[in-house]
Amino acid sequence: MSFGETPITVIGNLTADPELKFTDNGAALAKFTIAATPRVFDRDANQWKDGQATFFRCAAWRQLAEHAADSLTKGSRVVAHGRIRQHDWKTDTGENRSMLVMEVDEIGASVRFTTVTINARRPAQSAPTAGDDAWNTAAAVVKQEGDEPPF
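Throughout this document, residue positions are counted from 1 along each chain, in the order its sequence is written. The model is predicted, so local features are restricted to residues of pLDDT at least 70 and side-chain atom pairs to those at 80 or more, both for listing and for counting; the totals for chains, interfaces and linings are taken over all residues. Side-chain measures here rest on the full set of heavy atoms in the structure, leaving out hydrogens and waters.

**Re the overall build of the chain**
Consideration 1: When helices and strands are counted, the chain shows one helix and eight strands.
Consideration 2: For the chain, the N- to C-terminal ordering of α and β elements is β-β-β-β-β-β-α-β-β.
Consideration 3: Partly exposed residues are those whose accessible area sits between 20% and 50% of the maximum for their type, while under 20% is buried and over 50% is exposed, using a 1.4 Å probe and protein chains only. Every one of the 151 residues in the chain was classed for burial, and the buried ones make up 21%.
Consideration 4: Residues count as neighbours in contact if any of their non-hydrogen atoms are within 4.5 Å of one another. In the chain, 57% of the contacts between residues at least 6 apart in sequence involve partners at least 24 apart. Secondary structure elements follow DSSP: runs of H or I no shorter than four residues count as helices, runs of E no shorter than two count as strands, and numbering proceeds from the N terminus.

**Remarks on a nonpolar patch on the surface**
Consideration 1: Patch criteria: residues need more than 30% relative accessible area and no salt bridge. Like-charged residues are merged within 9 Å; nonpolar side chains of Val, Leu, Ile, Met, Phe, Trp and Tyr are merged within 5 Å. Here, Shrake-Rupley sampling with a 1.4 Å probe gives the accessible areas, and only protein chains in the shown set may cover a residue. Salt bridge, as used here: a side-chain nitrogen of Lys or Arg that lies within 4 Å of a carboxyl oxygen of Asp or Glu. A cluster of nonpolar side chains, Val-111, Val-116 and Ile-118, forms an exposed patch at the surface whose accessible area comes to about 290 Å².
Consideration 2: Tracing the chain through its elements places Val-111 in the segment after strand S8 (96–109).

**Concerning the pattern of salt bridges**
Pairs can form between side chains of opposite charge whenever their charged atoms are close.
Consideration 1: What the rule picks out here adds up to six salt bridges.
Consideration 2: Note that Arg-97 and Glu-95 form a salt bridge whose closest N and O atoms lie 3.4 Å from each other.
Consideration 3: Connected via shared salt-bridge partners are Arg-83, Glu-103 and Asp-105.

**Examining the nonpolar core**
Consideration 1: Nine residue types can take part in a nonpolar core, namely buried Ala, Val, Leu, Ile, Met, Phe, Trp, Tyr and Cys, and a core is a set of them joined through side-chain atoms within 4.5 Å. If you look at the biggest cluster of nonpolar residues, it comprises 18 residues, and the most contacted ones within it are Phe-32, Ile-34, Met-102, Val-104 and Ile-107.
Consideration 2: If you list the elements that add at least two residues to this core, you get strand S1 (6–14), strand S3 (28–36), strand S6 (54–61), helix H1 (62–71), strand S7 (77–90) and S8.
Consideration 3: Excluding anything up to four places from it in sequence, Val-104 contacts Phe-32, Cys-58, Ala-59, Ala-60, Leu-64, Ala-80, His-81 and Gly-82.

**Re the pairing of strand S2 (residues 19–22)**
Consideration 1: Note on pairing: DSSP must find at least two bridges between two strands before they are called paired. Pairing between S2 and S3: four bridges, direction antiparallel. Its bridge partner being in S3, Lys-21 is matched across the sheet by Leu-29.
Consideration 2: Here S2 folds back onto S3 in antiparallel fashion, the turn holding five residues, of which Gly-26 has a positive phi close to 90°.

**Some details on unusual backbone geometry**
Consideration 1: A positive phi angle, close to 55°, is found at Asn-46, a residue other than glycine.
Consideration 2: Mapped onto the elements, Asn-46 comes out in the loop between strand S4 (39–42) and strand S5 (47–50).
Consideration 3: With relative accessibility at 58%, the residue Asn-46 sits in the exposed group.

**Structural notes on the side chain of Thr-33**
Consideration 1: Of note, Thr-33 is situated in strand S3.
Consideration 2: Here a polar contact means two N or O atoms within 3.5 Å. Within protein one must be a hydrogen donor candidate and the other an acceptor candidate, and residues neighboring in sequence count only if both atoms are side-chain atoms. At 3.2 Å, the side chain of Thr-33 forms a polar contact with the side chain of Arg-57.

Here it is in structure tokens:
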């Protein structure tokens, strides 16, 4: 993220399956919308109700786009983090238009109301070795009884 950008984290549900496209130069682009709906307590009815939903149009690029399209479906509850970008264009009739889009840097399934299974995939050419991974306890020196963890 660069200085002056507007960071945002959105928690909500996908309104449709992510739409995966490829640019002319082969970059993957996934477009999707997240509906963030607050829950409000209605004291008169003594129950929780849905508030007014806010819809966030989102875009994810490259490998993130492909993973999102492969992993997420309509209704998936997600946590997405990125930045707000404004896109400006002219219509065919010459009218100026603009819209805000959340450019997603990270997205994952929320485990608040469900469970998920993670299938870790790493490209063979960039997979770290055990010695490269600081969190890999298998690469640590064998513990003696009473030793502290290797981090």
